[in-house]
Amino acid sequence: MINVSKLKKGIVIDHISPGQGCKIFQALGLDQLRDDAVVLMCNVDSTKMGKKDLIKIETDLDLNLDVLGLMGPGITVNYIEEGQRVKKIHLQLPQKVQGILQCKNPRCISTVEKVGPITFTLVDPEKREYACEYCESRTTL
C-alpha cells in the first residue's frame, strides 16, 4: 500500500470519479506548479464510491470551483491548516458559468464576433445541460 503523508497546509480534492483525476489535474493547471508538492492518486479504495481519484496540493491555491463543479458534481474540496481540515465544500453543478463553455451554435453571435466571456445558465441538471446567454442554444456536458 502506498502511504502519502498528511498535509500540514493545503487542499485535498476528494471523491473524484475514477479516471477523472488526470483531466482535473490538467484543467486546474496543477502541472504548471513548480515549487509546490502535488499528488494525484488514482483508483484509491473508497467505502463510499468503491474506487476514486484524489488530489493533494501542498500550497494555498485559488481553485476555480466552477470548473471542478462542471467536471465532477459530488467532488469535495477540503482545506487543511496545521494538519486539520478547516473547511469542506461539496461541489454541485453551478447555476451559471462564465468564460468556461463555448456556444456550439455556428450562427450565434459569440462564435462570429468577440463578445467577451459568455455566460451559460443551467437549464436541466439531470442532463447537465446549459443554455447560451445570446442564442439560448443548449450545451450538454
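All figures in this text were calculated on a predicted structure; none of them were measured in a lab.

Concerning the overall build of the chain
Then, number 1: Regarding its fold elements, the chain presents three helices and nine strands.
Then, number 2: The order of α-helices and β-strands along the chain, N terminus first, is β-α-β-β-α-β-β-β-α-β-β-β.
Then, number 3: The proportion of buried residues among the 141 residues of the chain is 37%.
Then, number 4: By sequence separation, contacts in the chain at least 24 residues apart represent 55% of the contacts at least 6 residues apart.
Then, number 5: With an accessible surface of roughly 9100 Å², the chain has 46% of that area assigned to carbon and sulfur atoms.
Then, number 6: Side-chain charges of the chain comprise 19 positive and 18 negative groups, with the mean position of each set lying 4 Å from the other.

Notes on the pattern of salt bridges
Then, number 1: All told, the structure shown has three salt bridges when counted by the stated rule.
Then, number 2: Between Lys51 and Asp45 there is a salt bridge, with its nearest N and O atoms 2.7 Å apart.
Then, number 3: On the basis of relative accessible area, Lys51 is assigned to the partly exposed category, the value being 37%.
Then, number 4: By relative accessible area, Asp45 is classed as exposed at 59%.

Re unusual backbone geometry
Then, number 1: Its identity as a non-glycine residue notwithstanding, Asn43 has a phi of 55°, on the positive side.
Then, number 2: Considering the arrangement of structural elements, one finds Asn43 in strand E2 (residues 38–46).
Then, number 3: Using a relative accessible area of 47% as the deciding quantity, one classes Asn43 as partly exposed.
Then, number 4: Of note, the phi angle at Glu82 is positive, near 50°, even though the residue is not glycine.

Digging into the domain arrangement of the chain
Then, number 1: When cut into domains, the chain gives domain 1 (10–90) and domain 2 (96–139).
Then, number 2: When each unit is reduced to the centre of its C-alpha atoms, the spacing between domain 1 and domain 2 is 27 Å.
Then, number 3: Taken together, the six residues of domain 1 in the interface contact six residues of domain 2.
Then, number 4: Interface area, domain 1 with domain 2, both sides summed: about 410 Å², of which 66% is carbon and sulfur.
Then, number 5: Seen at the junction of domain 1 and domain 2, the total is zero salt bridges.
Then, number 6: Between the two partners, domain 1 and domain 2, sit one residue pair in polar contact (both at pLDDT 80 or more).
Then, number 7: The class makeup of the residues in the side of domain 1 that touches domain 2 is four nonpolar, one polar and one charged.

Brief notes about the environment of Gly69
Then, number 1: If you trace the backbone, Gly69 turns up in helix H2 (residues 65–71).
Then, number 2: The exposure class assigned to Gly69 is buried, which follows from its relative accessible area of 0%.
Then, number 3: If we ignore the near neighbours within four places in the chain, the residues touching Gly69 are Leu91, Gln92, Leu93 and Pro94.

About the cut-offs
Residues numbered from 1 in each chain as written. Predicted model: local features only at pLDDT ≥ 70, side-chain atom pairs only at ≥ 80, totals over all residues. Heavy atoms only, no water. Helix = DSSP H or I, 4+ residues; strand = E, 2+ residues; numbered from the N terminus. Buried < 20%, exposed > 50% of the residue type's maximum accessible area, 1.4 Å probe, protein only. Contact = heavy atoms within 4.5 Å. Areas by Shrake-Rupley, 256 points an atom, 1.4 Å probe, with all protein chains shown as cover. Lys, Arg positive; Asp, Glu negative; His and termini not counted. Charge placed at Lys NZ, Arg CZ, Asp CG, Glu CD. Salt bridge = Lys/Arg side-chain N within 4 Å of Asp/Glu carboxyl O. Domains from an automatic or database assignment. Buried area = accessible area lost by both parts, 1.4 Å probe. Polar contact = N/O pair within 3.5 Å; in protein donor to acceptor, adjacent residues only side chain to side chain. Nonpolar A, V, L, I, M, F, W, Y, C, P; charged D, E, K, R; others polar.

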